[in-house]
Amino acid sequence: MKVLVPIKRVIDYNVKVRVKSDNSNVDLANVKMAINPFCEIAVEEAVRLKEAGTATEVIVISIGDKNCQEQLRTALALGADRAIQIETDQNLDALNIAKLLQKIVEEEQPQLVILGKQSIDSDNNQTGQMLAALTGLAQGTFASEVKVEGEKVNITREVDGGLQTVSLNLPAIVTTDLRLNEPRYASLPNIMKAKRKPLEVKSAADFGIDLTARTILLKVTPPREREAGIIVESIDELVEKLKNEAKVIS
Amino acid sequence: MSILVYAEHDNSVLKADTLKTVAAAQKIGGDITILVVGHNCQTVAEKAAKVNGITKVVVADSAAYEHQLAENVSLLVSELAADYSVVMATALTTGKNFMPRVAALLDVAQISDIIAVESADTFVRPIYAGNAIATVQSLDAKKVITVRSTGFNPVACDGSAGITSLDNVINAGISSHVSDELTVSERPDLGVASVVISGGRGMQNGDNFKLFDGIADKLGAAIGASRAAVDAGFVPNDMQVGQTGKIVAPDLYIAVGISGAIQHLAGMKDSKVIVAINKDPEAPIFQVADYGIVADLFEALPELENAL
Ligand SMILES: Cc1cc2nc3c(=O)[nH]c(=O)nc-3n(C[C@H](O)[C@H](O)[C@H](O)COP(=O)(O)OP(=O)(O)OC[C@H]3O[C@@H](n4cnc5c(N)ncnc54)[C@H](O)[C@@H]3O)c2cc1C
């Protein structure tokens, strides 16, 4: 069975982003970029399915400008077999990303599509669910366990009250949560090997989809900064302050 | 304008967060309908009928909706959406799960996690783990929105709207529910508690979370955790506070043995008062804490329990 893994190039999660002074967006110039952590977990899961003999091929795909080839190469070094880049300079809404992915799902006919549950830049948490709707497939979001069993896949999901397990008909769409797995590091030989793995480039314009933006980013501002407070010397002082100064306990 | 608000519930209790989503809907303005989708969920519908400022409650009660599977719920909601200009849900697990499906079925973008309403088509939402705040305008005629409840104050519950039942049952037939493993706790929900005490990797193990019990009892607090504490298996996943866990904004948040990574701050930095207990004076948590105490938590916690 084929597994398709869409990945996104985003700011490295250790970097604290800054807002541009003209409030047009955040400043990503010269900022370290990486695979979105949830997408990396998706790649790892797909590679493990292949190592377990469940998956036969792992295809990674990214939609963006040429720079996202860097993340595709990383995913190939982690064990994906081949990569597809859909080239665009536009910053596309999740719905348009899902529409492009739908075309690739139609072409490649994967049994599983594994995506990150959200990207740490836009924090939207939409693409997987939208792709599931457009393809008419079942979805297992926020997965902490994926078990393929014959024609079905069992997904354990992280929900507000704890865990929920659902059974989905294959093909299906899965989105990853943090505890699904711990991604490996790419070894040097695998990084070298990844350079020779196939990476196909397609143009977003060739899919015949109307990619007009549905939202306009009017402005981006820094959050209200909290001022650092005081260091208290003792628990008694803390309790006194909480009672009489902050008035949050009685 | 007519607005459909999806009720977040577990077939028996209407989540208080829905009252905040209704508040967000009122900011947009228009006739508000609450939709209750579930099975044997009549008590939820009755509770929803009391929510102030709404026109009516619509209930879809069927075995096909018992677990609110996204495949089924999204088909129902996108069909009902024909009569509404805005569809809203709370950005909790159910809403996050099925709403983008509704948006895609309606061929519109979704605006996720709004924390403020600027106008009927312009909304404010955090991006980059809350390190930037975006103002976005939606160009779609029909709007699909999820609401972060910390951004809104709940509406009151002394109204009496009418309840109508729907009998169209939609079952996509491609997914089924297997089991739930829910955490049972006597304590208030993280999302609604006015005091939250959270532990991080510094707690060392799950047993040590018992040090919170006496304090939480005295303060009526909910107990949370950092991702590191959850990953290490100290406590279950539903206790995680942060960018990818629960977003809380209580009156008092006490962070114990938590360093203060940006992903954790994303889930709690809108709390009214933050207290940090950490043995490392350089820990970033102190930069956002109103009151910090540099101490070993194993000494500080028993002292705190006694002092309360
Ligand atoms: C994509 C992504 C999403 C994430 N989402 C979240 C999220 O939602 N929520 C979240 O919390 N994290 C999240 N993280 C993880 C985050 O980056 C941090 O790794 C995590 O918050 C660290 O948890 P911690 O503060 O408990 O552990 P640490 O950073 O290890 O800090 C432990 C602290 O305990 C203190 N300490 C140790 N012993 C004692 C003692 N005896 N007395 C007092 N203090 C003591 C130490 O000084 C230290 O400051 C995410 C990360 C990624 C990449």
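Residues numbered from 1 in each chain as written. Chains lettered and ligands numbered in written order. Predicted model: local features only at pLDDT ≥ 70, side-chain atom pairs only at ≥ 80, totals over all residues. Heavy atoms only, no water.

## Some points on the sheet that holds strand 8 (residues 132–138) of chain B
In sheet architecture, strand pairing relies on hydrogen bonds along the backbone and comes in two forms, parallel and antiparallel. Quick note on the threshold: For two strands to be treated as a pair, DSSP must find no fewer than two bridges joining them. Each helix corresponds to a stretch of at least 4 residues labelled H or I by DSSP, and each strand to a stretch of at least 2 residues labelled E; elements are numbered beginning at the N terminus. Axis definition: a line fitted to C-alpha atoms, over the contacting stretch in the case of helices. Angles run 0 to 180 degrees between N-to-C directions.
As summarised here, the arrangement of the four strands in space is 14(A)-8(B)-7(B)-6(B), forming an open sheet in which the pairing is antiparallel. Across the chains shown, the open sheet's two edge strands, defined by having one partner strand only, are strand 14 (215–221) of chain A together with strand 6 (116–119) of chain B. Going across the sheet, the axis of each strand differs from the next one's by a mean of 30°, ignoring polarity. Bridge count for strand 7 (residues 122–127) of chain B against strand 8 of chain B is six bridges, and the pairing is antiparallel. Paired with Val-124 of chain B across the two strands is Thr-135 of chain B, which belongs to strand 8 of chain B.

## Considerations on the environment of Val-73 of chain B
Where we set the bar: By definition, residues are in contact when any of their heavy atoms lie within 4.5 Å.
On the secondary structure map, Val-73 of chain B appears in helix 3 (residues 70–80). The residues contacting Val-73 of chain B, other than those within four sequence positions of it, are Tyr-6, Val-37, Gln-68 and Phe-98 of chain B.

## As for unusual backbone geometry
Selection criterion: Throughout, exposure labels follow a simple rule: accessible area from a 1.4 Å probe, protein chains only, divided by the maximum for the residue type, with under 20% read as buried, over 50% as exposed, and the rest as partly exposed.
The omega angle of the peptide bond from Leu-170 of chain A to Pro-171 of chain A is -5°, so this bond is cis rather than trans. Residue position: Pro-171 of chain A is located in the loop between strand 11 (162–169) and strand 12 (172–176). Although it is not a glycine, Phe-142 of chain A sits at a positive phi angle of roughly 55°. Note that Phe-142 of chain A resides in strand 9 (residues 138–149). A relative accessible area of 2% places Phe-142 of chain A in the buried class. You will see that Gln-68 of chain B, though not glycine, has its phi angle at about 50°, which is positive.

## Some points on the state of the cysteines
Residues and elements named next belong to chain B. Our working definition: Note on terminology: disulfide denotes any pair of cysteine sulfur atoms within 2.5 Å.
Under the defined criterion, the tally for this structure stands at zero disulfides over all chains. No disulfide involves Cys-41; its sulfur sits 17 Å from the nearest other cysteine sulfur, which is in Cys-157. In this structure Cys-41 comes out as buried when scored by relative accessible area, which is 0%.

## Describing the site of the ligand
Selection rule: One heavy atom within 4 Å of a molecule or strand is enough for the residue carrying it to be called near that molecule or strand. Between N or O atoms, a polar contact is any pair within 3.5 Å; within protein, one atom must be a potential hydrogen donor and the other a potential acceptor, and residues adjacent in sequence are included only when both atoms are from side chains. Working definition of accessibility: Shrake-Rupley area with a 1.4 Å probe, residue cover restricted to the visible protein chains.
The environment of the ligand is formed by 30 residues, the closest being Arg-201, Ser-226, Gln-240, Ser-259 and Asn-278 of chain B. Two or more chains meet at the ligand, and those chains are chains A and B. Between His-264 of chain B and the ligand, the recorded distance is 2.8 Å, taken from a side-chain N or O atom to an oxygen atom. Compared with its free state, where it exposes 990 Å², the ligand has 86% of that area covered by protein.

## Quick look at the interface of chain B and chain A
The accessible area lost on association of the parts is a frequent measure of interface size. So the rule is basically this: Note: buried area is the sum, over both parts, of the accessible area (probe 1.4 Å) each one loses when the two are combined. Criterion for a salt bridge: a side-chain nitrogen of Lys or Arg within 4 Å of a carboxyl oxygen of Asp or Glu. Amino acids are sorted into nonpolar (Ala, Val, Leu, Ile, Met, Phe, Trp, Tyr, Cys and Pro), charged (Asp, Glu, Lys and Arg) and polar (every other residue, Gly among them).
Counting from both sides, the interface comprises 84 residues of chain B and, opposite them, 79 residues of chain A. Summing both sides of the interface, chain B and chain A together bury roughly 6700 Å²; the carbon and sulfur share of this comes to 55%. Three residues stand out in chain B for area buried against chain A, namely Thr-93, Tyr-128 and Tyr-291 of chain B, and they jointly supply 11% of the buried area on that side. The tally of links between chain B and chain A comes to five salt bridges. Our count for the chain B to chain A interface comes out at 47 residue pairs in polar contact (both at pLDDT 80 or more). Each residue belonging to the side of chain B that touches chain A can be placed in one class, and the counts come to 38 nonpolar, 25 polar and 21 charged. When strand 15 (residues 230–231) of chain A meets strand 16 (residues 291–294) of chain B, the two strands line up parallel, connected through two bridges. Counterpart to Ile-231 of chain A in the pairing with strand 16 of chain B is Gly-292 of chain B.

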